[in-house]
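# Residue-level structure breakdown
One-letter residues, chain by chain:
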Amino acid sequence: AFSTSCVACSKSRRLRQKRVLSEKRLSRFFVDHRRVRVVGGQGGGGGHSFYSEPRKIFGGPDGGNGGDGGHVILKADQQMKSLSSVLPFYQGFHGERGRSKNCYGANGACVYVKVPVGTLVKEDGTVVADLTQHGEEYVAAYGGAGGKGNRFFLSNENRAPTLYTPGEPGQERVLHLELKTTAHAGLVGFPNAGKSSLLRAVSNAKPAVAAYPFTTLNPHVGIVRYEDYEQVAVADIPGLIRGAHRNRGLGMAFLRHIERCPFLLYVVDLSASQPWIQLQDLKYELEQYKEGLSKRPCVVIGNKIDLAQSRINLPLLKEQTDDRVIALSALTGDNLEELLLHLRELYDVYVKTEQSRGQSPVKW
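An unreviewed UniProt entry annotates the protein chain as MTG2 GTPase originating from Alectura lathami. Recorded in UniProt for the protein chain, the comment headed Sequence similarities (unreviewed entry) runs: "Belongs to the TRAFAC class OBG-HflX-like GTPase superfamily. OBG GTPase family."

Here is the structure:
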């Protein structure tokens, strides 16, 4: 019995350590900005040779063209969740040189760089690509064209050309990659409002939960699964504070992750003094960051309804807002069903709206 209890204690200790380390590791390796220099492969040089065999000494030029250099291609992959694996430099493979007997050089292989879905590609501050679909590709740097062999320059005026050209260098660019989370719903709230606890309660995500502010240091995406196999992605955005649009607190580092969410879930602490002020401040910060962001379809989630002060503040909050208010407790699980049902309603409206526009809605 003693050995069994010791094993259980050591196992629980390892699990606690694993949870703490996993959050630290996520905050360290979650990268949503990356500067990348990409260079296309150089084209192979043209061949320079003359055909010769017994009884046919002057067979003419037979130098083949060089192969083209390989491209550098960015490819959106849904398995990638961060830009941490993207290296600062990529170069395509070079093309091979042209050979005798009119043999062309082989083209250089393309280099594929996997990036998360929702990656924005910028060059000199201008958006050049927006990879929002799984498998979508963007040629970041084209490979150089292969050189021409002396066979290419054969003409009636020049029967023995000695001219051949080298391969062209590949395109070189400096790109800035910016990740914007592509979730259906965004959990927006002040620190310690209970966003992470709520995400743990309704999905399979396991963000860290603690009694101090800014526990969440990077966005977490949880998947809410329904009986008809539909999946709704909910993103837990790190806590905002007043002045976040002016880069206070975590600032604008994570405000951009809300831009792609078609509907928002405002999480307010009902036990706090005047929780409707929290709602007003959150909408103000979103509107200051991007005009129209606070006007998106939303629902107000009054968390911590299990506390006595929350029951007093709930009717006052409903008087102060025209949005739908759902009171629940992420800790005890009270009234989570109402939130899940309304979340599905918001998702269905989003799908119908996208289909009516002729666009395909984001699927997980």
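In this section: the sheet that holds strand S1 (residues 33-39). Strand order in the open sheet formed by five strands is S3-S1-S8-S5-S6, and the pairing between neighbours is mixed. In this open sheet, the two strands that pair with only one neighbour each are strand S3 (89-91) and strand S6 (126-131). With direction set aside, neighbouring strand axes in the sheet form an average angle of 30 degrees. Strand direction decides the pairing type here: S1 and strand S8 (residues 172-179), joined by seven bridges, are antiparallel. Residue pairing for S8: Arg-37 is matched across the bridge by Val-174.

Now for the pattern of salt bridges. Within this structure, the stated rule accounts for 14 salt bridges. Taking the shortest distance from any N to any O, the salt bridge between Asp-269 and Lys-304 comes out at 3.3 Å. Remark: Lys-304 occurs in the loop between strand S13 (298-303) and helix H4 (308-320) and Asp-269 occurs in strand S12 (residues 263-269); sequence separation between them is 35 residues. When its relative accessible area of 24% is taken as the criterion, Lys-304 is described as partly exposed. Beyond isolated ion pairs, a larger network of salt bridges with shared partners links Asp-228, Arg-344 and Asp-348.

Val-188, Ile-258, Leu-264, Tyr-266, Leu-286 and Leu-317 are the most contacted members of the largest nonpolar core, which totals 26 residues. Only strand S11 (231-236), S12, helix H3 (275-289), S13, H4 and strand S14 (325-327) provide two or more residues apiece to this core. Considering each element in turn, this core owes the most residues, four residues, to H3. In this view, Leu-264 contacts Gly-186, Val-188, Ile-258, Leu-286, Leu-293, Pro-297, Cys-298 and Val-299; residues no more than four positions away in its chain are not counted. Tyr-226, Val-234, Ile-326 and Leu-336 belong to the second-largest nonpolar core, a separate cluster that totals 25 residues.

Below, the discussion takes up the packing of aromatic side chains. This model, assessed by the stated rule, comprises two aromatic pairs. When the ring of Phe-152 is compared with that of Phe-153, the centres are 5.2 Å apart and the planes differ by 90 degrees; the resulting orientation is edge-to-face. Residue classification places Phe-153 among the partly exposed residues on the basis of a relative accessible area of 24%. Geometrically, the ring pair formed by Tyr-347 and Tyr-350 is tilted, given 6.4 Å between the ring centres and 45 degrees between the ring planes. Here the residue Tyr-347 and the residue Tyr-350 both occupy positions in helix H5 (residues 336-356), the gap between them amounting to three residues, near one helical turn. Taking the ring centre of Tyr-112 as reference, the NZ or CZ of Lys-75 above it sits at 6.0 Å. Just above the ring of Tyr-226 sits the side chain of Arg-344; from NZ or CZ to the centre is 5.2 Å.

Right, let's talk about unusual backbone geometry for a bit. At Tyr-229, a position not held by glycine, the phi torsion is positive, near 70 degrees. Here Tyr-229 is to be found in the loop between strand S10 (220-225) and S11. Taking the relative accessible area as the measure of exposure, Tyr-229 reaches 76% and is therefore exposed. Backbone geometry at Lys-304 places phi at a positive 70 degrees, although glycine is not the residue there.

Basis of the calculations
Residues numbered from 1 in each chain as written. Predicted model: local features only at pLDDT ≥ 70, side-chain atom pairs only at ≥ 80, totals over all residues. Heavy atoms only, no water. UniProt positions renumbered as here; feature names shortened; annotations may be inferred. Pairing = 2+ DSSP bridges. Helix = DSSP H or I, 4+ residues; strand = E, 2+ residues; numbered from the N terminus. Axes fitted to C-alpha atoms, helices over the stretch in contact; angles between N-to-C directions. Salt bridge = Lys/Arg side-chain N within 4 Å of Asp/Glu carboxyl O. Buried < 20%, exposed > 50% of the residue type's maximum accessible area, 1.4 Å probe, protein only. Core = buried A, V, L, I, M, F, W, Y, C linked by side-chain atoms within 4.5 Å. Contact = heavy atoms within 4.5 Å. Phe/Tyr/Trp six-rings, centres within 6.5 Å; stacked < 30°, edge-to-face > 60°. Lys NZ or Arg CZ within 6 Å of the ring centre and 35° of its normal.

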